[in-house]
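Each chain is listed here by its residues.
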Amino acid sequence: MIRPFLRQDTDAVMDLWLRANLEAHAFVPQSCWLEAEPQVRQAIAQAEVYVWEEGGLQGFLGLSGDYVAGLFVRAEARSRGVGRLLLERAKAGRERLSLDVYQKNEGAVRFYLREGFSVLETRREESTGETEYRMAWRRRDGCV
């Protein structure tokens, strides 16, 4: 079930954030994620975050306004609709969303394209040197 983030979720969210980044972004040095962890911990405390909990935390989505700062699902819960449901929660009441995703994270790119996002631009991410897409979703005619 989807619910708002609670402060006591912080450690579980950060654990999932690190594990999912290491799994999905093997092309980025592990040190990048470890160095970013304190800033991400602070950002999560200030963001609009929703978690999927079913026998423990299975996924979460963080928003900063209309920007999807992150969508992470535990490996065992992937391809079961968790990410789609979290994204639908983010779309609710919004006219648009944007996000950045690494080009090499092909599974995530396919997922976002399936969910109605389109690629707006391709650019090089400064800290890693990796190519990423800026993607956006816009509500059409009152429908998701």
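Look up a bit, the structure's there.
To keep things clear, this report deals only with the structure shown in the data block. (Residues numbered from 1 in each chain as written. Predicted model: local features only at pLDDT ≥ 70, side-chain atom pairs only at ≥ 80, totals over all residues. Heavy atoms only, no water.)

## Brief notes about the nonpolar core
We apply this condition: Residues belong to a common nonpolar core when they are buried Ala, Val, Leu, Ile, Met, Phe, Trp, Tyr or Cys residues joined through side-chain atoms within 4.5 Å. Buried, partly exposed and exposed residues are distinguished by accessible area as a fraction of the type maximum, computed with a 1.4 Å probe on protein chains only: under 20%, between the cut-offs, and over 50%, respectively. Only DSSP runs of H or I covering at least 4 residues are called helices, and only runs of E covering at least 2 are called strands; the numbering of each starts at the N terminus. Pairs of residues are marked as contacts when any of their non-hydrogen atoms sit within 4.5 Å.
Among the nonpolar cores identified, the biggest contains 23 residues, and L61, L87, L97, V101, Y112 and F117 are the most heavily contacted of them. Of all the secondary structure elements, the ones that give two or more residues to this core are strand 2 (48-53), strand 3 (57-64), strand 4 (67-73), helix 3 (82-91), strand 5 (96-102), helix 4 (106-114) and strand 7 (131-138). Here L61 is in contact with E48, V49, Y50, V68, G70, L71, L86, L87 and A90, once residues within four sequence places are set aside.

## Some thoughts on the side chain of N21
The line we're drawing: In the analysis that follows, any N or O atom pair within 3.5 Å is treated as a polar contact, provided that within protein one partner can donate a hydrogen and the other can accept it, and provided that, for residues neighboring in sequence, both atoms belong to side chains.
Here N21 is to be found in helix 1 (residues 10-24). A polar contact of 3.0 Å, which involves the side chain of N21, links it to the backbone oxygen of W17. Among all residues touching N21, those that are not within four sequence positions of it are W33 and F72.

## Focus on the pattern of salt bridges
Close approach of charged atoms allows side chains of opposite charge to pair. Our working rule: Note on definitions: salt bridges are taken to be side-chain nitrogens of Lys or Arg within 4 Å of carboxyl oxygens of Asp or Glu.
For the coordinates displayed, the defined rule picks out 14 salt bridges. As a salt-bridge pair, E95 and R139 come within 4.0 Å of each other at their nearest N and O atoms. Remark: R139 occurs in the segment after strand 7 and E95 occurs in the loop between helix 3 and strand 5; sequence separation between them is 44 residues. Here E95 falls in the partly exposed class, since its relative accessible area comes to 48%. Take R139: its relative accessible area is 16%, and that puts it in the buried class.

## Re the packing of helix 1 against helix 2 (residues 30-46)
To keep things clear, this is the line we draw: Each axis is a line fitted through C-alpha atoms, taken for helices only over the stretch in contact, and angles between the N-to-C directions span 0 to 180 degrees. Angles are sorted into four bins: roughly parallel if under 35 degrees, roughly antiparallel if over 145, roughly perpendicular if 65 to 115, and oblique for all others. Handedness of a helix crossing follows the sense of rotation of the near helix relative to the far helix, less than a right angle counterclockwise being left-handed and clockwise being right-handed. Residues are grouped as follows: Ala, Val, Leu, Ile, Met, Phe, Trp, Tyr, Cys and Pro are nonpolar; Asp, Glu, Lys and Arg are charged; all remaining types, including Gly, are polar.
Two numbers describe how helix 1 lies on helix 2: the axes approach to 10 Å, and their chain directions differ by 150 degrees. By the angle between their axes, helix 1 is roughly antiparallel relative to helix 2. The element helix 1 and its partner helix 2 pack so that their crossing is right-handed. Contacts from T10, D11, V13, M14, W17, L18, N21 and L22 in helix 1 reach Q30, W33, L34, A36, E37, V40, R41 and I44 in helix 2. In the contact of helix 1 with helix 2, the residues fall into 10 nonpolar, three polar and three charged.

## Quick notes on helix 2
Basically, it comes down to this: A helix's residues, less one, multiplied by 1.5 Å, set its expected span. In this scheme, the bend at a residue equals the angle between the axes fitted to the seven residues that finish there and the seven that begin there.
Look at helix 2: 25 Å from first C-alpha to last across 17 residues, which is about the 24 Å you get at 1.5 Å a residue. At E37, helix 2 shows its maximal bend, which comes to roughly 45 degrees, and the proline P38 appears one to four places after that position. Every buried residue of helix 2 is listed here: W33, V40 and I44. Tucked into the core, helix 2 has its buried residues touching helix 1, strand 2, strand 3 and strand 5.

## Comments concerning the environment of M135
Relative to the assigned elements, M135 resides in strand 7. When its relative accessible area of 0% is taken as the criterion, M135 is described as buried. Each C-alpha atom, one on M135 and one on L113, is 8.7 Å from the other, the two residues being 22 residues apart in sequence. Beyond its immediate chain neighbours, meaning those up to four positions away, M135 contacts L97, S98, L99, V101, V109, Y112, L113, F117, S118, V119 and L120.

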